[in-house]
Amino acid sequence: MVNLVLEYDDLHFLPPENCMETIDKLVERFPDIKLSFFSIPYLRGFPVYADPEFCDKLRDHISNGNVSLAVHGLHHNQEEFKMYSYDQAYAALHMAESIFEEAKLPYRKVFRGPHWGLCDDSVKAMVKRNYTHLYSHEDYLELGESYQGKIKVLYYNWNLADEAPLEEGLLNKLIAKIAPKTIIAHGHTHDTCSNGIAETFDKVCSYIENNDVNFKFVHEV
Ligand SMILES: [Zn+2]
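Bear in mind the structure is a predicted one, so any value in this text is a computation, not a measurement.

Peer 1: Sorry if this is basic, but what is going on with the pairing of strand E5 (residues 67–71) here?
Peer 2: Put simply, side chains in a regular strand alternate between the two faces of the sheet. With respect to burial, E5 is a largely interior element, 5 of its 5 residues being buried. Pairing of strand E2 (residues 35–39) with E5, which is carried by 5 bridges, proceeds in the parallel orientation. Bridged to Phe37 within E5 is Leu69.

Peer 1: Just to check I follow, could you spell out the environment of Asp32 for this structure?
Peer 2: Counting through the fold element by element, Asp32 comes out in the loop between helix H1 (20–29) and E2. Residue Asp32 is classed as exposed on the basis of its 11 C-beta neighbours within 10 Å. For the pair formed by Asp32 and Val2, sequence separation is 30 residues and the distance between their alpha carbons is 15 Å.

Peer 1: When you look at the packing of helix H4 (residues 86–102) against helix H5 (residues 120–128) in this model, what are you seeing that I'm missing?
Peer 2: Relative placement of two packed helices is described by the angle separating their axes and the distance separating the axes. Running from N to C, H4 and H5 point in directions that differ by 45°, and their axes come no closer than 8 Å. With respect to each other, H4 and H5 are oriented oblique. The way H4 lies across H5 gives a crossing that is right-handed. Across the interface between the two elements, Tyr86, Ala89, Tyr90 and Leu93 of H4 pack against Asp121, Ser122, Lys124, Ala125, Met126 and Lys128 of H5.

What counts, and where the lines are drawn
- Residues numbered from 1 in each chain as written.
- Predicted model: local features only at pLDDT ≥ 70, side-chain atom pairs only at ≥ 80, totals over all residues.
- Buried ≥ 20, exposed ≤ 12 C-beta atoms within 10 Å, placed from the backbone.
- Helix = DSSP H or I, 4+ residues; strand = E, 2+ residues; numbered from the N terminus.
- Pairing = 2+ DSSP bridges.
- Axes fitted to C-alpha atoms, helices over the stretch in contact; angles between N-to-C directions.
- Parallel < 35°, antiparallel > 145°, perpendicular 65-115°, else oblique.
- Left-handed = near helix turned anticlockwise from the far one by under 90°.
- Contact = placed C-beta atoms within 7 Å.

This is the structure we're talking about:
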């Protein structure tokens, strides 16, 4: 049995980041699936609450236990959380949370910076705002280690562009230590980096069908 976290970046109602159709397909095929989305609160000038119909559908998936939302920056500007001061990061996190609240979309205090961008001040602001998990990148290993015990820092060990890891944990010893027997599979809600949720649909379905998996959300690791 392996814990499987399926996490995708960039969910928003604007195309191409809107992948509601594929979410529906995955939930229909695997009624107990758990899909985590690092969502953008305010993309290209549009707060996510500007599309109530999209929010209603998403809220249904959340209340049925199939979807969980995490915070993926505020505007998704290039590496915004790499440039912010402590005050800017704190304000941006607060605003991101307020937008999800205005949309009546339950979310988790789990964060990943747009384009992975992070800095010490941004992580400090997350800790202050009680974020529990930071999904980061190996480029930021040192930053992660300096916050041990304050926020759980995790890294993916299956880029969905690649073939599935044969033995969980072996590919990334760090993950094996932090979250044993866990595969954190990373992709996007749109077809980019060859790991889009639609373009990797068959690969993910076949992995689920051929392995004994225990679905986990990003906040459950
Ligand atoms: Zn992104």
